[in-house]
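Coordinate inspection notes
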Amino acid sequence: MINYISRRLLYAAVILLLVSMAVYAIFQFLPFDPAALTCGKNCRPNLIAANRVRLGFDKPLWEQYWLFLSGIFVGRDYGVGSAAFTCPAPSLGYSFRQNACVTDLIQQALPVTLSLAIGALILWLIVGIGLGILAARFKDSPIDTGSTIFVLIGTSLPTFVTGLLLLIYLTLKNNIIPLNFDAYVSVFDNPSKFFMYFLLPWITLAFAFSAIYTRYTRSAVIETSGEDYIRTAWAKGLKSNVVLRKHTLRAALAPLTTLAGLDFAGLLGGAILTETIFNLPGLGRMSLKAVNDFDLPVVLATTLLAATIVVVMNLIVDLLYAVLDPRVRVG
Amino acid sequence: MTRLLDINDLHVTFPTEDGNVKAVDGLSLTLDAGETVAIVGESGSGKTVTSLSVLGLHNKKRTRLTGEILVHSERGVVDVVSCDDEELRKLRGSAVAMIFQDPMSSLHPYYSIGNQLSEAYRVVTKASKKDALKRCVEMLDLVGIPEPQKRVKEYPHQFSGGMRQRVMIAMAIINNPRILIADEPTTALDVTVQAQILSLLKELQREFNMGILLITHDLGVVAEVADRVNVMYAGKVVERGTVDDIYYRPLAPYTMGLLSSIPSVYGKGTGRLSAIPGQPPSLISLPEGCSFASRCSFASQVVGASCATDAPQLIEDEPGHSARCHLALADRRTAGAKFAAKGGTA
Amino acid sequence: MSIEAVESSSAPEPLLGADEELKGRSPRELAWRRFRRNKVGVFAGVFTLGTLLSSLFAPLICKILGLDPNELHLDQIKVSTGLPKAYLGGISWEHPLGLLPGTGRDLLSQLLYGSRISFLVMILATVATLFVGLLTGIAGGYLKGRVDATLGRVTDFLLAFPAFFMIVALAEPMVDRIQRLGIAQGNGARILFLIIILTFFGWTGFSRLIRSQVLSLSERDFVTAATALGASRSRIIFHELIPNLWAPVIVVLSLSLPGYLTAESVFSFLGIGVQPPGFTWGLLISNSTQYVTNMPSFFLITTVSLVLVVLAFNLLGDAVRDALDPKADK
Amino acid sequence: MSKLSQSKRFGRAAIATSVAAGLVVSGLMSSSIGTANAAGPKTGGTLILLEHTPKLDHLDPSRIYTGRDLAFENSFFIRTLVAYTPVPGAAGAGLVADLATNTGVPSNEAKTWKFTLRPGTTFEDGAKITCADVKYGVSRVFATDIITDGPAYLQQWLDLGKVEYKGPYAKDTAGQAAFDKAVTCSADNRTITFNLNKSVADFNYLGTYGVISPIQAKLDKGDAYDLRPQATGPYKIAENTTNQLKLVRNKKWSKASDPIRTPYPDEVIMKFGLDEQVIDQVFLNDTMWNAVNFGGPLPANKDAFFQDDKFKDRRINTSDPYSRYLAFNVKKMPCLEIRQAMYLSRNSKAILDYAGGSFFGGTYSTGSISPLLGLDYTPTKVVGPGSADFVATGNVVKAQELMDKAKTSCPADHKKATVDGLVIDVSQSSTLQDTIPINTAAWARVGIKVTYNIIKSGYYSTVLNPAKQNDLSNSGWGADWANASTVIPELFTLEGGFNLSQNGDDPAYKEFKAAVDVAMKTTDRAKQAAMWKALDKTAMERMWILPTNYGKSQYIWGKGVGGAFFWQPQGTLAWGKLYIK
Amino acid sequence: MTPIVKVENLTKHFPIKKNALARRKAGNVKAVDGISFEIAPGETLGMVGESGCGKTTAGRTIIKLYEPTGGKIYFEGEDITEISPSAMRSYRSKMQIIFQDPFASLNPRHTIGRIIAAPFEIQNITPEGGVKRAVQTLMERVGLNPEHYNRFPHEFSGGQRQRIGIARSIALKPKFIVADEPVSALDVSIQAQIINLLDDLQTEFGMSFLFIAHDLSVVQHISDRVAVMYLGKIMEIAPTTDLYAAPHHPYTKALLSAVPVPDPQTERTRERILLHGDLPSPMNPPTGCVFNTRCWKAQDRCRIDEPELLQIGASSVACHFPE
């Protein structure tokens, strides 16, 4: 098992290194000059040249990449003279549009995205799995039909439409969920405020996902119910809820770990739409803004962060699955 | 003898898009303590559906059941067809247990053997976890699994096919059921393992005086373990009798055909096998008369009835030996002698 | 890893026994028969077909109805708010779905014409995804070995990218690149970008699906039989494998068609993709989100159109899948 | 001097949100000033400003140049040497001393300006504000690689001789020496003297800008100073995150030292990046009583606010100081006939109507100078109402004539306009979906083809780059203060900081430039005004810009907010006067 | 007479990869581990053994559907071991295979006509009277209604589908057919039909069979000689009558004794040899005699020395202590 984990870790590291190289290369080969974007409206060639040096864009690509990479471990210095400063390790670069070390920006944004993703994950797992189980249990009943309708609507309604409708009708028009423009507060500081802050975004984000999970759970439960070992469980004389809970769900939902893990990883990279609609200062909105601003270091860092999360989640999911399914454990 | 099971005029149908499938069509049988009754037939003859319906494990939404399945349990007689789910549940495991064809897929892949076994035990006895585990180890030992202390913690995928079937048997008999339904218990196993399992079953039956309802397509297995045999074809029993009746004095043409189709290691591998021509009929549109008529070589010799239009009844031709055929008994006796297993030649 | 190819597996019980009575029906005909029995599926199919046709013949339909998507009806727009003067967003006989606020263009003809680009993106991206996915999936699944390992690693690598975010990030610069290379200009370049990038990030999943399918197919005896008869690789691929890949292809179609249609609208909402004066469903919807309260008809019509089409694709996909695979219980 | 004096900048937000490209004057300068001061101002509470753009352009005083930002920051936490009086109406244009004790003392034909600092002023950390701090603040402006985006007047006007000064960050001894000569502090460190390279009669107006404001050298972090500048006003920045800017009281500020500011609320919070529809709904549904819309309502919601008596005391609809136009890149479109044809064939009415008609949208432009510039303004009679060929919906006949003429006089440009299509730079905005089709349809009437290049971010830094600017770019300009010297030279001379027209090669340029130079040196304000008017006319005749409209702005605030009025010189609400009821 | 097929010390190992990244070989499954035998023209060699013993792999390797790991394969005296897949193509018409699973061995998307015509197409052979006639003749020969030419596999029952597979295999009149469990998926009554058909075809065309099955009674019925495999090795190879009447290898004996006989009296009276334990993993077979872990006669020697296949009468047996 340790052997397996270490090999997986190595593989993940290699993938990350490659992804970072690729992302770095892609954004360097884009047809604009990052230095030209740094000097505002009074741009003159000598200024651009000066900024190129100041921000290190004059160096060869591999060296820039190396500086970036080493910055993660030892921090990085920027600027010259009295305007010089250091982004301490782990440094992911410096945003000349936002005048801040990217690491600091990410530190601000990550908790928001994390709260959003975790809350939504919990919500959609509860709703999706619950509804899926109900639909499977009462197959072809009105509950099943209802869940099918929910699934169809949930999967066809774009998130931004859901979010906007919820915001306008639940909050602004009818004040069912009180409006909350407050800044992000940590759950540890003020749980109720935290809850209100994220309630609507959670619902929005969970809406589409729970539809997918309902669909998945329903078919997985139905499929698993037809397995021979479920018949064995019935033959033992177990009560139907034991058969469902202990036998059917365990097997039906184990693969869901993978799905949920990867969806979750995708969201950590930034739930761009939800964060945009609800104006949450998370990674997604930050990266979208960075893209619009050609804020290259932020784009680079968030992309890498998102990739890291995907790779790490992949790893976690695999390990978790090994815990859940004894057959995988041998590895 | 103690009567354990009475099946009276059981009909099982399931509606499909193309029409009703009559999987079982008027089956009656009995099972007593200590005896093994076999249902033998080819695929689609309705034998598996029968075994599942005894435990009420058939798909209730898709299947229609009529008739009676009377289980004589310690608490009295229960009709599986009409009783409620809770009563049925209480029968399962304690009065009636079952082992299945495929031991690979019949154990839950995510739980340890001990977990699954003790669950079966505790659902009936309400024993403590510790006691249950002790019992599991005993049972594993009983069914011949070496190092039961260690293996009880292992998972199904760590067991071979034969070992898994032993586990399944342990699980089935852990509550000392009176009836054991064995649905093709050895089909998925290799011959050497199959022999082990069959002998284990016989041994356990002797020890616990169980009634075993054996479902199989393998006439060799039947010959080895069964006391009485029901031969099924297209949802109906076409012949019923003791094992010797069936093998040495078959009275239904289908049974004769079946017996003669089998090459035997002890027979002489001479020339052609006498195969039954044609295919079994569709269960959706069964022929009006005898289901076997179109494949039967005796159909032309029948006098006084038409195999194509009149369905024959199951008639007790000899005491305890019934068959479903229009052909005169004498003719069938003669033919049967010809087709009979090469008895006693070994 | 299977050592001996299928040594045990017992045959599924042919419950129905001999089927001398059944007429010679191809699997496709059987699937069609099953499909026709699914009323929802048939309805979704008809709806989808109707939508696609009306998109294709949008110029003709608009001509018959006397509508022009570009014609401004400024006189019918209220100056102070930009909303149509008439009740219900200007729904009338001349303009069955009303007018767009601001410019007073006809909504129905905008929807019809707008669907052409949206559907174009959707269909071309799907076709490209299918093509790449099939190619790589078959290559990996059939050739195995080094090809498979390489493809597997490329897939792993691509899957590590945050696709949605990369699309957003790359939109402007890539479009710029395309324009500079002179491949396409303006909205053409944007459409091309969308198709390329959706395909680029979309093929991996399909490729994996096809690969696993091909992997299991190539273990099937009929492929071995063809090998045993001396069939060449290409014959095996084209005669034996591809005809059996319908099911995954349909799965992909039913997932990626609505997926890409929604993607187009999402990217329009984020300001990527086709830009005015071009119009697509995505642009219409993102425009209409500003009028949720003032002109709900506009918002409802555009959103519901999208949802209906996506819904129809989903339902159609489900129905076709069920028809192709009767065992899969829905 | 001028009665109506103006301020500011290309208000990016103002232009992007409420108007797309607008039009000419109707003459009515109504400022329906909503003042509901029934109970009088109260102290306390939290004022919330709702804004849909993701961020203010800058917080660093040296870098602020957007009117809206300037008004906001000057109201709350950045004090400048001089400031505008925050009172309603024309009186608001008057200069008052802020950090200084006077509004500047010119000498040497206005080539030398002296300001003496007011005693008792401090930074938020308690440090006393000294002349050295102001001087340091001024010096930063020269580090143009880091301190970007602010007004460039200091670089043009300070007398540094021939030396190019690179600012305080670089080791630049020669430059520093020259700078130290140009800007000097008195021995007591209280009086600052600016030595200019020419007479600038209204130099003190530049004192309203943060480029002349104190900054402590030891706290300067270069461009990172933008994140959290030291406050000198009654509030300081408590939080500056991606979606809000939170100001709290600056304990070190004393009322005694500040003649202008009245800090009523305890906290001021600006929320960024909100959906415009959401912002409007907040007010329509009275969800937040203590909020103000930092921008304007969506066009579609304007009636809901302005037709409903419920909002009677909570709305302002007034002319703003901006002149909107499309700048021709004359280098890329040298053919005058085509430029004129484009002007004439536009559907000005449709665009103005789209912006809300004369009530919400403003008036058709009659030149590049806004009517709010009073003294310097007169209709040019070349464009807009009053000109011979003006037809509000477009003079297609005349435009076609010009196009036909262009076909022979400048065939290459004609082909470019009719076959290849002209490219118009615009910044991303939700109104584009409607204005683009309107314009496209209008120009199509005379066969002119256009495509739009939509720039999502960094619009001005893109189009101001000659290499990136396309054939036309959408823009707007308001005078930096009440003198067209901050309009005509800025827009139409090559030295100007906002020349989008690239008109150096135009046959009329040389003469034009000479006239500008003369006007700049003219100290007689009336004479100068006449010259600006004439130059405005020339610019219109040469059609260096395609004027669209003089705009209007709308503001809405919540039930609980009092003290709102339009602050004319800043072109926005006087934010500092708002209080929570 | 040259044997149709001769294999010498044939080996087929499958590498097991544990991890995609490292591509390290975690071990080998020794599916076939050095087997030698020959099949004469017109002869049927039966091959029996339990699942996992390598009989299917052996069958497929002999006709080079798998590349052998070691050893030699001679077809009609020619060494075909090293021949490339393309060069192999010309041999394909002479050797064929019949599969166990009648459902998997026919492409569900092809009509019967197309399936049976495939050999002609692939080998570029135009039979007399055209492909269609040839196909219909074949269909008739294997007991199918030639009018069903245009039907699809799913419209046939298992037995009929097996007939289709057989028709495809015999289309080019091969000299050698590997019949890989051709009847084990079929019902008893159908099984007999197919065995008879194969019998008849052999009589008619005189081809050789390698008949692979786990069912000893079927093998006995159809084979001239029988090879018993265990863990990739041949334990015993002997003429059918000898093998069944007097098995020399303990494993053969155990196998025969385990087969249930459809004869109640025999069953009641005969003595069973019950083997203990399971088949060891072919990845890690026991040293010495591979059967030693389950053999009741095993001695120390069996755990060290691997027994050679030695001639005892007409039989060859790999055992240190043959009966």
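Above this note sits the structure.
Residues numbered from 1 in each chain as written. Chains lettered and ligands numbered in written order. Predicted model: local features only at pLDDT ≥ 70, side-chain atom pairs only at ≥ 80, totals over all residues. Heavy atoms only, no water.

Thoughts on the overall build of chain C
In terms of helices and strands, chain C carries 13 helices and zero strands. Listed N to C, the secondary structure of chain C is α-α-α-α-α-α-α-α-α-α-α-α-α in terms of helices and strands. Taking the principal axes of the C-alpha coordinates as reference, chain C spans close to 80 × 55 × 30 Å. Counting over 330 residues, chain C shows a buried share of 55%. (Helix = DSSP H or I, 4+ residues; strand = E, 2+ residues; numbered from the N terminus. Buried < 20%, exposed > 50% of the residue type's maximum accessible area, 1.4 Å probe, protein only.)

Overview of the interface of chain C and chain D
Counting residues at the interface gives 26 residues for chain C, matched by 26 residues for chain D. Taken together, both faces of the contact between chain C and chain D bury some 2100 Å²; the carbon and sulfur share is 53%. For the chain C face of the interface with chain D, the top three residues by lost area are V79, P276 and Q290 of chain C, together amounting to 24%. At the junction of chain C with chain D, the criterion picks out two salt bridges. (Contact = heavy atoms within 4.5 Å. Buried area = accessible area lost by both parts, 1.4 Å probe. Salt bridge = Lys/Arg side-chain N within 4 Å of Asp/Glu carboxyl O.)

A word on the sheet that holds strand β7 (residues 183–185) of chain D
All names here are of chain D. Across the sheet, which stays open at both edges, the four strands sit in the order β5-β6-β8-β7 with antiparallel pairing between neighbours. Strands with a single pairing partner mark the edges of an open sheet, and in this sheet they are β5 (105–107) and β7. Sheet twist, expressed as the mean angle between neighbouring strand axes with direction ignored, is 20°. Of the strand pairs in this sheet, β7 and strand β8 (residues 191–195) are connected by three bridges, and their pairing is antiparallel. Bridge pairing in β8 places C185 opposite I192. Along the sheet, helix α3 (residues 131–140) makes contact with β7 and β8, crossing β7 at roughly 165°. The sheet contacts of helix α5 (residues 173–182) involve β7 and β8, and relative to β7 the element is tilted by about 65°. (Pairing = 2+ DSSP bridges. Axes fitted to C-alpha atoms, helices over the stretch in contact; angles between N-to-C directions.)

A short note on the state of the cysteines
Under the defined criterion, the tally for this structure stands at three disulfides over all chains. A disulfide bridge connects C87 of chain A with C101 of chain A, and the sulfur atoms are separated by 1.9 Å. Given an S-S torsion of about -90°, the disulfide between C87 of chain A and C101 of chain A has left-handed geometry. Placement of the pair is C87 of chain A in strand β2 (residues 85–87) and C101 of chain A in strand β4 (residues 100–101), with a sequence separation of 14 residues. We classify C87 of chain A as buried; its relative accessible area is 1%. The side chain of C335 of chain D participates in a disulfide bridge whose partner is C410 of chain D; the two sulfur atoms lie 1.9 Å from each other. Of this pair, C335 of chain D sits in the loop between β13 (315–328) and α9 (336–345) while C410 of chain D sits in the loop between α12 (396–409) and α13 (411–420), placing them 75 residues apart in sequence. Of the residues examined, C335 of chain D reaches a relative accessible area of 2% and is grouped as buried. (Disulfide = S-S within 2.5 Å.)

Comments concerning the sheet that holds strand β7 (residues 176–180) of chain E
Residue and element names in this part refer to chain E. Strand order in the open sheet made by the eight strands is β6-β7-β8-β3-β9-β10-β12-β11, with mixed pairing throughout. Two strands in the sheet have a free side with no partner beyond their single neighbour: β6 (95–98) and β11 (310–312). Strand-to-strand twist in this sheet, taken as the mean axis angle between neighbours without regard to direction, amounts to 20°. Judged from the four bridges that link them, strand β3 (residues 44–48) and strand β9 (residues 225–230) form a sheet pairing that is parallel. Counted as the bridge partner of V48 is V228 from β9. Against the sheet, helix α9 (residues 250–258) engages β3, β9 and β10 (233–239), with an angle of about 100° to β9.

Side note on the pattern of salt bridges
All names here are of chain E. Under the counting rule described, the total for this entry stands at 68 salt bridges over all chains. Here D79 makes a salt bridge to K72, at a shortest N to O gap of 3.5 Å. The exposure class assigned to D79 is partly exposed, which follows from its relative accessible area of 33%. A residue is classified by how much of its surface remains accessible, and K72, at 30% relative accessible area, is partly exposed. The partner of D305 in a salt bridge is R301, with the nearest N and O atoms 3.9 Å apart. A relative accessible area of 37% means that D305 is categorised as partly exposed. Overall, the relative accessible area of 42% leaves R301 in the partly exposed class.

Considering the environment of A399 of chain D
Residues and elements named next belong to chain D. Among the secondary structure elements, A399 is positioned in helix α12. Each C-alpha atom, one on A399 and one on S348, is 14 Å from the other, the two residues being 51 residues apart in sequence. Among residues more than four places away in sequence, those in contact with A399 are A341, L344, S345 and V446.

Digging into the nonpolar core
Ranked by size, the top nonpolar core spans 154 residues in total, and within it F193 and L270 of chain C carry the most contacts. Here L270 of chain C is in contact with I272, L273, T276 and L288 of chain A, F164 and V168 of chain C together with K456 of chain D, once residues within four sequence places are set aside. By size, the runner-up hydrophobic cluster in this structure holds 138 residues, among which are Y65, F179, L326 and Y550 of chain D. (Core = buried A, V, L, I, M, F, W, Y, C linked by side-chain atoms within 4.5 Å.)

Some thoughts on the packing of aromatic side chains
Tallying each qualifying case throughout the model produces 56 aromatic pairs over all chains. Plain terms: the ring middles of F160 of chain A and F269 of chain C are 4.1 Å apart, the flat faces sit at 15° to each other, and that makes the pair stacked. Highlighted residues: F160 of chain A in helix α6 (residues 159–173) and F269 of chain C in helix α11 (residues 246–269), drawn from two different chains. Judged by centre distance (5.3 Å) and plane angle (75°), the ring pair of Y254 of chain B and F292 of chain B falls under edge-to-face. Of the two residues, Y254 of chain B sits in helix α11 (residues 253–261) while F292 of chain B sits in the loop between α11 and β11 (314–318), which places them 38 residues apart along the sequence. With respect to class, Y254 of chain B is no different from F292 of chain B; both count as buried. Grouping aromatic residues by their ring pairs yields a cluster made of Y65, Y84, W113, F115, Y153, W157, F194, F203, Y205, Y209 and W481 of chain D. Positioned over the ring face of Y74 of chain E is K6 of chain E, at 5.8 Å from the centre of the ring. One Lys or Arg, K132 of chain E, reaches over the ring of Y149 of chain E and ends 5.0 Å from the middle of that ring. (Phe/Tyr/Trp six-rings, centres within 6.5 Å; stacked < 30°, edge-to-face > 60°. Lys NZ or Arg CZ within 6 Å of the ring centre and 35° of its normal.)

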